[in-house]
Amino acid sequence: MSGYIQSENDESLAKELCSPLPTERVIFTYAMNAIAFGLTGLALIPLLSILWEILIRGISGLKSEMFVKAVIDNGFGNAILGTIIMVVIGAILSIPTGIMTGIFLAEFGQGNPIAGFVRFITNILTGVPSIVVGVFAYGVIVLVTKGFSAIAGGFALAVIMLPVIILTTEESLKLIPTSQRLASAALGGTRFQTTFRIIVTAAIPGITTGILLAVARAAGETAPLIFTALFSLDWSEGLLSPTASLPVLIFNLYNDPDPQKGQLVWTTSIVLLSLILCVSILSRLVIRQRRLN
Amino acid sequence: MANSSEPADRNSSDDSNLDDESFNLTAIGGTNFWFDQSFTRLVYFFAVITVAVLFLMSWVILHEALPAIKQFGLGFLWGQDWDTGNKIFGALPYIYGTLVSSAIAILFAVPIGIAIALVTSENFLPSSLRTILAFVVELIAAIPSVIIGLWGIFVFIPFLEPLQKWLGSTLKWIPLFNTEDPSGTNMLTAGIILAIMILPTMAAITRDVLMAIPKELRSASMALGGTRWETVFRVLLPAGFSGMVSAAMLALGRALGETMAVTMVIGNSAQISASLLNPAYTIPSVLANEFAEAEPGLHIGALSYLALILFGLTLAVNIGAVLLVKWVGRKNS
């Protein structure tokens, strides 16, 4: 200890303290910077490449009459209609259940062991593979009604949408300050009045975002529709008959030797991708704006 | 204006309240009470539906799989033949393909995901650029799987094929690459495509984990003279380790169940081989390819048995991840 002020160490210590980082630490810093930025750049390449290729290969085939023709006439009108019908069926089934369960978790959840269990189940439900949901819908609807149908497809989509809606509803209800609940209760509001007139009304933008995200996710799902809604080349005959959808169109026709069908696949990809990207970018922007406020 | 009109409004509403017969502070009856009761019941009812969905799902799939379970028992797990004509079914090649392709995906996605999380959570870049970057990476999650598969088949495989041919010809002596003249559709391609698809999950959760680490830890490390990367390696990564493990598990769960993109690029050939440049098959792929045309009975049963195995596999991984997150949360609070 005493040596450090008097001896010749003094000079080298001062030098060490005043000098910039040793070379190996500088090299380490720059090398790690390069690796981190390199890997991040690498991750962006697929995304940009996907957007670019789909746009380039698909845009030349895009014609307005495709929207009103069935697949059999080189259009994708029936697939768009089928996707919309099945997403709507999914939404009708999953939105009430999802919002109510979200309310349960956010408003009835404090210190309630049942809510902890429901939240756990919801998290597990998020991770169930979509193809397994398809097998479930096959067992519940297709085997019972004895036929592939839009209803079975919509049911599968509902199961996929459900956890997304529950979790976003819970998140947006939790953002509403407790003081508003207390104020409503102090004015004599019952739980129903507080929840519906104050909390849910205030959280409507957040809940809408959740529904949009769920719709975007469901519209792109292919796996559960392959053996629940199947596919049809022509317009569907009703809710209980096989129904076409945009993702299944891509999967069924991507190997088709007919160049016209090949072009149709890329054009369908543009339509599907722009639909989904618009909805998800929109919903994410809404979330971000709310967080900033 | 507002001042003069408000008292009048309040008075009128007070009057109407006092006239109301149901105006009772300790209500155990009346419209509002019953409304409230039934509302509570309704909320519980829907919560029970949510829980029931998961249990019903397990039961239905188990029920569908029963013919195959009765016929093959646990031997199904290590049976290697899949012969629809002779009704002999075995799951091992599919289980192998699912696990190996997911393992490859995790191998690629973990380091890249952590790199993205670091770049977007630490102050390497101005914050506006950081949020845009994180946003763009998350967009990958929004692209439908079938479109990524389409891109994989027509854009990525032609790009990757020369590299894989070179690997197959020069590194033949390594069992992993021991394939003469590989075609582009194989296990390695499927693994890389899967890695792209689970990257947003990995990056987003790791980012949340890193952001949750208290600023004091960073400041302390910097104050002791650590550089940014020394802070990352000695403080941030150890502190966020368990969070990152659960992120990797959630990403693994997603990779195990991913269907369309894998089906389109993995080559769909049920075989077990050490070489990653050989085509393979996964559980979701065989379900996607065969379920719609399967005959009721043993074939549907065997496919449902496969779905049950996949369900159990992802359930185990996801429950593990959720429990880990809970355990870490309890430890930190």
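Reading guide: rules and limits
- Residues numbered from 1 in each chain as written.
- Chains lettered and ligands numbered in written order.
- Predicted model: local features only at pLDDT ≥ 70, side-chain atom pairs only at ≥ 80, totals over all residues.
- Heavy atoms only, no water.
- Helix = DSSP H or I, 4+ residues; strand = E, 2+ residues; numbered from the N terminus.
- Buried < 20%, exposed > 50% of the residue type's maximum accessible area, 1.4 Å probe, protein only.
- Contact = heavy atoms within 4.5 Å.
- Salt bridge = Lys/Arg side-chain N within 4 Å of Asp/Glu carboxyl O.
- Polar contact = N/O pair within 3.5 Å; in protein donor to acceptor, adjacent residues only side chain to side chain.
- Nonpolar A, V, L, I, M, F, W, Y, C, P; charged D, E, K, R; others polar.
- Core = buried A, V, L, I, M, F, W, Y, C linked by side-chain atoms within 4.5 Å.
- Expected span 1.5 Å × (residues − 1).
- Patch = residues over 30% accessible without salt bridge, like charges linked within 9 Å, V, L, I, M, F, W, Y side chains within 5 Å.
- Areas by Shrake-Rupley, 256 points an atom, 1.4 Å probe, with all protein chains shown as cover.
- Axes fitted to C-alpha atoms, helices over the stretch in contact; angles between N-to-C directions.
- Parallel < 35°, antiparallel > 145°, perpendicular 65-115°, else oblique.
- Left-handed = near helix turned anticlockwise from the far one by under 90°.

A.B. asks: Is there a simple way to think about the overall build of chain B in this case?
C.D. replies: Each helix and strand counted, chain B has twelve helices and two strands in total. Beginning at the N terminus, the succession of helices and strands in chain B can be written as α-α-β-β-α-α-α-α-α-α-α-α-α-α. The dimensions of chain B, computed from C-alpha atoms along their principal axes, are 90 × 65 × 40 Å. A total of 333 residues make up chain B; the buried ones form 50% of that total.

A.B. asks: Hey, could you run me through the interface of chain A and chain B in this one?
C.D. replies: Note on interface size: it is often stated as the accessible area lost on association of the parts. Listed as interface residues are 79 residues of chain A and, on the opposing side, 77 residues of chain B. Remark: the boundary between chain A and chain B carries one salt bridge. Notably, a salt bridge pairs B:Glu230 with A:Arg25, separated by 2.7 Å at the nearest N-O pair. Scanning the region where chain A abuts chain B turns up eleven residue pairs in polar contact (both at pLDDT 80 or more). Of all the elements, helix H3 (residues 23-59) of chain A adds the most residues to the side of chain A that touches chain B, at 19 residues. A per-class count over the side of chain A that touches chain B returns 56 nonpolar, 18 polar and five charged.

A.B. asks: Please clarify how the nonpolar core should be interpreted in this entry.
C.D. replies: Note that soluble globular proteins tend to have their nonpolar side chains buried in a common cluster. Ranked by size, the top nonpolar core spans 185 residues in total, and within it A:Phe76, A:Ile103, B:Met57, B:Phe76, B:Trp82, B:Ile147 and B:Leu306 carry the most contacts. The contact partners of B:Ile147, leaving out residues within four places of it in the chain, are A:Ile50, A:Ile54, A:Ile250, A:Ser269, A:Leu272 and A:Leu273.

A.B. asks: Please explain helix H5 (residues 113-127) of chain A as it appears in this structure.
C.D. replies: Given 3.6 residues to a turn, an α-helix orients residues that are three or four positions apart in the same direction. All names here are of chain A. Here H5 contains 15 residues, and its C-alpha end-to-end distance of 22 Å stays within 8% of the 21 Å for a straight helix at 1.5 Å per residue. Along H5, the residues that are buried comprise Ala115, Val118, Phe120, Ile121, Thr122, Ile124, Leu125 and Gly127. Capping of H5 at its N-terminal end is provided by Asn112; its side-chain oxygen lies 3.0 Å from the backbone amide nitrogen of Ile114.

A.B. asks: What exactly am I supposed to notice about a nonpolar patch on the surface here?
C.D. replies: On the surface, A:Trp52, A:Leu55, A:Ile56, A:Ile59, A:Leu62, A:Phe67 and A:Val68 cluster together into a nonpolar patch covering about 690 Å² of accessible area. Positionally, A:Ile59 belongs in helix H3.

A.B. asks: Help me out: how do you make sense of the packing of helix H4 (residues 127-142) of chain B against helix H6 (residues 187-212) of chain B in this one?
C.D. replies: Axes are the key here: two packed helices are described by the angle between their axes and the distance separating the axes. All names here are of chain B. For the pair H4 and H6, the least separation of the axes is 7 Å and the interaxial angle reads 135 degrees. With respect to H6, the axis of H4 lies oblique. Classified by chirality, the crossing of H6 by H4 is left-handed. The residues of H6 that touch H4, namely those facing Ala134, Val137, Glu138, Ile140 and Ala141, are Ile196, Pro200, Ala203, Ala204 and Arg207. Within the contact of H4 with H6, the residues separate by chemical class into eight nonpolar, no polar and two charged.

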